[in-house]
Amino acid sequence: MSAALEAASSADAAPRKLRILYSHRIQSRDGQGVHLDALVQALRQEGHEVRVVGPAAYDRAELGGESSWISGLRRALPAAVAEVAELGYSLPAHARLLAAAREFRPDVIYERYNLHFLAGAWLARRLRLPFLLEVNAPLAEERARFGNLALNGLARWSENSAWRAADAVLPVTGVLAEHVEAAGVPRDRIHVIPNGIHLEEFPEPVPRVPGQEVVLGFVGFVRDWHGLDKVVRGIADWRGEVPLALTVVGEGPARPGLEALARELGIAERVRFTGLAQRHEVPSLVAGFDVALQPAAVPYCSPLKVFEYMAAGRAIVAPDQPNIREVLEHGRNALLFDPSDPEGLWKALARLAADPALRDSLGRAARREVIARDLTWEGNARRVAALAEGLLL
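Below: a short report on this structure.

**Description of the sheet that holds strand E4 (residues 131-135)**
For step 1, the next point in the chain: Taking strand neighbours across the sheet as the criterion, the five strands line up as E2-E1-E3-E4-E5 in an open arrangement whose pairing is parallel. Among the strands making up the open sheet, the edge pair consists of strand E2 (49-53) and strand E5 (168-171). Taken over all neighbouring pairs, the strand axes of this sheet differ in orientation by 20 degrees on average, direction set aside.
For step 2, the next point in the chain: The sheet strands contacting helix H2 (residues 31-45) are strand E1 (19-23), E2, strand E3 (108-112) and E4, and the helix crosses E2 at an angle near 155 degrees.
For step 3, the next point in the chain: Most of the contacts of helix H7 (residues 119-127) go to E3, to which it runs at about 165 degrees, and overall it touches E1, E3 and E4.

**Structural notes on unusual backbone geometry**
For step 1, the next point in the chain: Backbone geometry at arginine 105 places phi at a positive 55 degrees, although glycine is not the residue there.
For step 2, the next point in the chain: Examined against the element boundaries, arginine 105 turns out to sit in the loop between helix H6 (90-104) and E3.
For step 3, the next point in the chain: Taking the relative accessible area as the measure of exposure, arginine 105 reaches 64% and is therefore exposed.
For step 4, the next point in the chain: Of note, the phi angle at histidine 116 is positive, near 65 degrees, even though the residue is not glycine.
For step 5, the next point in the chain: Take histidine 116: it is sitting in the loop between E3 and H7.
For step 6, the next point in the chain: Histidine 116 sits in the buried class, given a relative accessible area of 1%.

**Quick notes on the pattern of salt bridges**
For step 1, the next point in the chain: Taken as a whole and judged by the stated rule, the model has 22 salt bridges.
For step 2, the next point in the chain: With a closest N to O distance of 2.9 Å, glutamate 86 and arginine 143 form a salt bridge. Placement of the pair is glutamate 86 in helix H5 (residues 79-88) and arginine 143 in helix H8 (residues 139-145), with a sequence separation of 57 residues. The two residues glutamate 86 and arginine 143 agree in class, both being buried.
For step 3, the next point in the chain: The residue glutamate 329 makes a salt bridge to arginine 332 at a minimum N-O spacing of 2.7 Å.
For step 4, the next point in the chain: Look at glutamate 329 and you get partly exposed, because its relative accessible area is 40%.
For step 5, the next point in the chain: A relative accessible area of 35% means that arginine 332 is categorised as partly exposed.

**Focus: the packing of aromatic side chains**
For step 1, the next point in the chain: Taken as a whole and judged by the stated rule, the model has five aromatic pairs.
For step 2, the next point in the chain: With centroids separated by 5.1 Å and ring planes inclined at 35 degrees, the aromatic side chains of tyrosine 22 and tyrosine 110 adopt a geometry described as tilted. Of this pair, tyrosine 22 sits in strand E1 while tyrosine 110 sits in strand E3, and the two are 88 residues apart along the sequence. The pair formed by tyrosine 22 and tyrosine 110 is uniform in burial state, with each residue classed as buried.
For step 3, the next point in the chain: A cation sits over an aromatic face here: arginine 19 above phenylalanine 104, 4.5 Å from the ring centre.

**Side note on the pairing of E3**
For step 1, the next point in the chain: With five of five residues buried, E3 lies mostly within the body of the structure.
For step 2, the next point in the chain: Residues Val108, Tyr110 and Arg112 line one face of E3 and the alternating positions Ile109 and Glu111 line the opposite face, and both faces are buried.
For step 3, the next point in the chain: One ladder, built from four bridges, connects E1 with E3; its direction is parallel. Looking at E3, one finds that serine 23 is bridged to glutamate 111.

Analysis parameters
Residues numbered from 1 in each chain as written. Predicted model: local features only at pLDDT ≥ 70, side-chain atom pairs only at ≥ 80, totals over all residues. Heavy atoms only, no water. Pairing = 2+ DSSP bridges. Helix = DSSP H or I, 4+ residues; strand = E, 2+ residues; numbered from the N terminus. Axes fitted to C-alpha atoms, helices over the stretch in contact; angles between N-to-C directions. Contact = heavy atoms within 4.5 Å. Buried < 20%, exposed > 50% of the residue type's maximum accessible area, 1.4 Å probe, protein only. Salt bridge = Lys/Arg side-chain N within 4 Å of Asp/Glu carboxyl O. Phe/Tyr/Trp six-rings, centres within 6.5 Å; stacked < 30°, edge-to-face > 60°. Lys NZ or Arg CZ within 6 Å of the ring centre and 35° of its normal.

Nothing here speaks to function; it is all geometry.
Below you can see the structure in the form of structure tokens.
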């Protein structure tokens with residue numbers, strides 16, 4: 001976070017109550033939706049008026065789902081045509097946003113960045129309003145890397161256009177801020193605001209009572225690259241005094257393989273999947289973990305689960321990489337492992353499984369970090385409002 005932003009968010013003067021037009025193109029109820037809903041709720045709790053404008057499909061989507069019509073259309077169209085259509089969607093989105101602005105009369109426009117989405121940038125320029133852009137990933141680079149991009153030049157142009165049009169760009173990590181700066185955005189317009197939590201949803205943790213097993217836990221969409229298969233194999237090979245178990249809160253394509261592996265290794269009863277959990281259920285589920293897992297992470301993300309683990313006061317195991325080190329410190333509030341070491345994750349887990357005192361001290365330090373740095377949605381709302389107010393001066 002920039003020094004200017006910290007100073008603005010801690011100013012003694014009462015903040016101005018803002019009218020914020022929030023623009024997005026989200027269609028699925030997943031981590032993106034959690035961020036959107038939590039920040040909007042926090043802004044409103046701070047006394048600001050927020051008008052949200054986005055696809056109608058988002059309001060109808062269920063947890064973990066997205067519009068089947070849109071998904072089908074994307075699969076049916078040639079990739080290049082689909083990408084041009086994505087950019088074309090900015091035109092009707094801009095019209096809806098303009099209509100909302102004329103009725104709502106916002107002070108600022110806040111948009112969650114999406115590739116080929118320029119509605120907010122166009123409206124801000126048209127109405128000469130401050131434009132704040134939240135960036136969660138370098139999507140042109142990401143989609144190109146995974147082979148999901150046909151028109152690389154168009155993607156780079158639209159991404160750079162959106163980022164450079166913003167009066168304030170809000171990447172979720174310092175690593176991502178470097179991507180934004182490399183695209184030509186001046187450093188003084190970049191302000192890192194990571195993910196957060198609602199602290200009141202996570203009661204003051206109490207030490208886990210030693211039981212018949214040590215529970216390793218994971219929250220999120222389960223993919224093969226998370227490497228949970230190594231955890232399952234480690235549980236089967238564990239010869240410690242107390243047996244280990246794994247609880248996975250969430251769904252994903254890796255689940256069937258993990259369940260099959262657990263059956264093959266004879267530990268099916270110790271590898272448990274809760275399925276999709278509603279947001280209000282997550283704190284109590286995480287409270288049932290002894291060790292919380294972030295087994296892998298893309299290099300620029302701000303993993304929501306890490307903040308949930310911290311707020312719950314759980315001992316965390318995560319990869320030792322720059323974006324993770326922005327919130328976690330090895331040996332103080334987490335154990336970080338070398339992601340290039342095939343045994344690194346398991347070594348950290350085994351150390352914590354055998355040391356309840358270390359689990360307790362790391363978990364307490366992680367929660368203190370949340371409080372000390374105000375890593376909350378309410379804190380983020382205050383930072384966003386301070387930035388917006390500064391742009392209005």
